[in-house]
Amino acid sequence: MRGHMAARTPSKKSATQPTKSKRAGVKKSAAKATNAAKATKTAKTSPKKSVNKPDVAALEQELEAARVRISELESRQNDVINRIEWILDTLRSALEDADKGSTRRKRV
């Protein structure tokens, strides 16, 4: 043995203890997924708590108002994008016209 290397200590596990395998981890993950699916199914099929109808109606109105606002914002966003594209096209055309004009002047 080399002097700078420390001696290896024996493992604390005894030879009779089983070691964890990758398969055991996979089985546990699969079991967790199955339990989560069962919990979701139970939540869907379990009886619902009593719901206050005026609260539901108010929430539905808020949801509809939010959908309208989202639609307005999307429309506005499209308008802005179209305007920016128009400005960029105009600038490109102006630059191309300026380049054409400068090449004509050089020829004369």
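Residues numbered from 1 in each chain as written. Predicted model: local features only at pLDDT ≥ 70, side-chain atom pairs only at ≥ 80, totals over all residues. Heavy atoms only, no water.

1. Digging into the overall build of the protein chain
Here is step 1: Along the protein chain, the regular secondary structure elements total 2 helices and 0 strands.
Here is step 2: Here the protein chain, with 108 residues, has 0% of them falling under the buried criterion.
Here is step 3: For the protein chain, the accessible area works out to roughly 11,100 Å², and carbon and sulfur atoms hold 57% of it. (Helix = DSSP H or I, 4+ residues; strand = E, 2+ residues; numbered from the N terminus. Buried < 20%, exposed > 50% of the residue type's maximum accessible area, 1.4 Å probe, protein only. Areas by Shrake-Rupley, 256 points an atom, 1.4 Å probe, with all protein chains shown as cover.)

2. Quick word on the pattern of salt bridges
Here is step 1: For the coordinates displayed, the defined rule picks out 2 salt bridges.
Here is step 2: Between R69 and E72 there is a salt bridge, with its nearest N and O atoms 3.7 Å apart. On the criterion of helical spacing, the pair formed by R69 and E72 is a turn pair, its members being 3 residues apart in helix α2 (residues 53-107).
Here is step 3: In this structure R69 comes out as partly exposed when scored by relative accessible area, which is 42%.
Here is step 4: Its salt-bridge partner being D89, residue R92 comes within 2.9 Å of it at the nearest N-O pair. Within this pair, R92 and its partner D89 are both found in helix α2, separated by 3 residues, close to a single helical turn.
Here is step 5: Exposure remark for R92: the relative accessible area of 47% places this residue in the partly exposed category.
Here is step 6: Given a relative accessible area of 44%, D89 falls into the partly exposed group. (Salt bridge = Lys/Arg side-chain N within 4 Å of Asp/Glu carboxyl O.)

3. Considerations on a nonpolar patch on the surface
Here is step 1: Taken together, the side chains of V80, I84, W86, I87, L88 and L91 present a nonpolar region at the surface, about 560 Å² in accessible area.
Here is step 2: Residue placement: L91 occurs in helix α2. (Patch = residues over 30% accessible without salt bridge, like charges linked within 9 Å, V, L, I, M, F, W, Y side chains within 5 Å.)

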